[in-house]
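# An overview of the molecular structure
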Amino acid sequence: MDNSFIGIILSAMATGLGAVPILFLDKINGKMKCILLGFASGVMMAATAFSLIPEALKASNLLVLSIGMLAGTIILNYVNSKVSELDAGDIRFNPGIDRKTLFIVIAIMLHNLPEGLSVGVSYGSGEDNLGTIIALAIGLQNAPEGFLVAIYLLSENISRIKSLLIAALTGAVEIVTGTIGYFLASKVDGLVPYGLSFAAGAMLFVIFKELIPDSNERKEEKIPTYAFVLGLLAMLFLVQEFG
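Residues numbered from 1 in each chain as written. Predicted model: local features only at pLDDT ≥ 70, side-chain atom pairs only at ≥ 80, totals over all residues. Heavy atoms only, no water.

## Some remarks on the overall build of the protein chain
The number of helices and strands found in the protein chain is eight helices and zero strands. Across the protein chain, helices and strands are ordered from the amino to the carboxyl terminus as α-α-α-α-α-α-α-α. Relative to its length of 243 residues, the protein chain is compact, with a C-alpha radius of gyration of 17 Å against a globular reference of 18 Å. Dimensions of the protein chain, computed from the C-alpha atoms along their principal axes, are close to 50 × 40 × 35 Å. By the burial criterion, 47% of the 243 residues in the protein chain qualify as buried. Pairs at least 24 apart in sequence give 86% of the contacts found in the protein chain among residues at least 6 apart. Accessible surface computed for the protein chain: about 11,700 Å², of which carbon and sulfur atoms make up 67%. Across the protein chain, 15 positive and 20 negative side-chain charges occur, with their mean positions spaced 9 Å apart. (Helix = DSSP H or I, 4+ residues; strand = E, 2+ residues; numbered from the N terminus. Rg over C-alpha atoms; globule rule 2.2 N^0.38 Å. Buried < 20%, exposed > 50% of the residue type's maximum accessible area, 1.4 Å probe, protein only. Contact = heavy atoms within 4.5 Å. Areas by Shrake-Rupley, 256 points an atom, 1.4 Å probe, with all protein chains shown as cover. Lys, Arg positive; Asp, Glu negative; His and termini not counted. Charge placed at Lys NZ, Arg CZ, Asp CG, Glu CD.)

Okay, structure coming up:
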């Protein structure tokens, strides 16, 4: 369990690690935010298309992938609708963070729950190197997610340290579900592909619904588009080299 637990922790910590660059950024202006969101969109699209989906298909079939992705999309859509209904005057709602940023934080956290489960189940399955492969794949796409959360928080004038800590916490949930997944592996078969598929569906919803529209909010489509392609290529390189 020791090596498995280390792998689960490192994969989860990648989210916070990805947010570290915001410590060296001052307040993000509109143009820079669009570029960074375009880049993050490309990274996450590549992680989903070339890491999560292929791993899910390798471990199952198209039906399982479809069920998992639709579940992820439906649940994120439900969360988005509930967050949109929040009243700014509600005492439970932090007025320092707008609804969109709150949704991104919640969405990434929900997205990370089945990812942690997938890592834990992979380690507990007993199959050679499966845990390491899944942990690396999840960790690689966790980093830009942490950066994304931190970007949104920083743009809402949240302090850099607080933005980093919140981003790290969205990934820390993977430690809990990863540990649960490890002990469930011997009792429940087939959890890995469902977890990966759910995470893929959730991430595609976030990319399509929030990231790409926000990256084009200044009507300057060329630069964010180039940033998207560069992000996709950068992540594809990492997946090819280390995945």
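## A look at the nonpolar core
If you look at soluble globular proteins, the nonpolar side chains tend to sit buried side by side. Residues Leu-76, Phe-103, Ile-104, Leu-148, Val-149, Val-206 and Leu-211 are the most contacted members of the largest nonpolar core, which totals 32 residues. By residue number, the principal contributor to this core is helix H5 (residues 130–155), which donates eight residues. Each residue touching Val-206, except ones within four places of it in the same chain, is listed here: Leu-76, Ile-104, Ala-107 and Leu-211. Listed in part, the 17 residues of the second largest apolar core include Leu-65, Tyr-123, Ala-135 and Ala-200. (Core = buried A, V, L, I, M, F, W, Y, C linked by side-chain atoms within 4.5 Å.)

## Here we look at the packing of H5 against helix H6 (residues 160–184)
At a minimum axis distance of 9 Å, the contact between H5 and H6 shows a crossing angle of 145°. Here H5 and H6 pass one another in a crossing that is right-handed. Each of Ile-138, Asn-142, Gly-146, Val-149, Ala-150, Leu-153 and Leu-154 in H5 lies in contact with H6, whose residues at this interface are Arg-160, Ser-163, Ile-166, Ala-167, Thr-170 and Glu-174. (Axes fitted to C-alpha atoms, helices over the stretch in contact; angles between N-to-C directions. Left-handed = near helix turned anticlockwise from the far one by under 90°.)

## Side note on the packing of aromatic side chains
The final tally for this structure, using the stated rule, is two aromatic pairs. Relative to Phe-205, the ring of Phe-103 has its centre 6.1 Å away and its plane inclined at 75°; by these criteria the two rings are edge-to-face. Here Phe-205 lies in helix H7 (residues 191–215) and Phe-103 lies in helix H4 (residues 99–124), a separation of 102 residues in the sequence. The class for Phe-103 is buried, based on a relative accessible area of 1%. (Phe/Tyr/Trp six-rings, centres within 6.5 Å; stacked < 30°, edge-to-face > 60°.)

## Structural notes on a nonpolar patch on the surface
Residues Phe-39, Val-229, Leu-230 and Leu-233 make up a contiguous nonpolar surface patch of roughly 350 Å² in combined accessible area. With respect to the secondary-structure elements, Val-229 resides in helix H8 (residues 222–242). Residue classification places Val-229 among the partly exposed positions, given a relative accessible area of 38%. (Patch = residues over 30% accessible without salt bridge, like charges linked within 9 Å, V, L, I, M, F, W, Y side chains within 5 Å. Salt bridge = Lys/Arg side-chain N within 4 Å of Asp/Glu carboxyl O.)

## So, the pattern of salt bridges
The tally for this structure, following the rule as stated, stands at two salt bridges. With a closest N to O distance of 3.8 Å, Glu-55 and Lys-58 form a salt bridge. One end of the pair, Glu-55, and the other, Lys-58, are both in helix H2 (residues 30–59), three residues apart, so they sit about a helical turn from each other. With relative accessibility at 14%, the residue Glu-55 sits in the buried group. Judged by its relative accessible area of 65%, Lys-58 falls in the exposed class. Put simply, Glu-210 and Lys-209 hold a salt bridge, and the shortest N to O gap is 3.7 Å.

## Some details on the environment of Gly-231
You can see Gly-231 is positioned in helix H8. With a relative accessible area of 0%, Gly-231 lands in the buried category. Taking C-alpha positions, Gly-231 is 9.7 Å from Pro-144, a pair spaced 87 residues apart along the chain. In this structure, Gly-231 is in contact with Phe-39, Gly-42 and Val-43, ignoring residues within four places of it in sequence.

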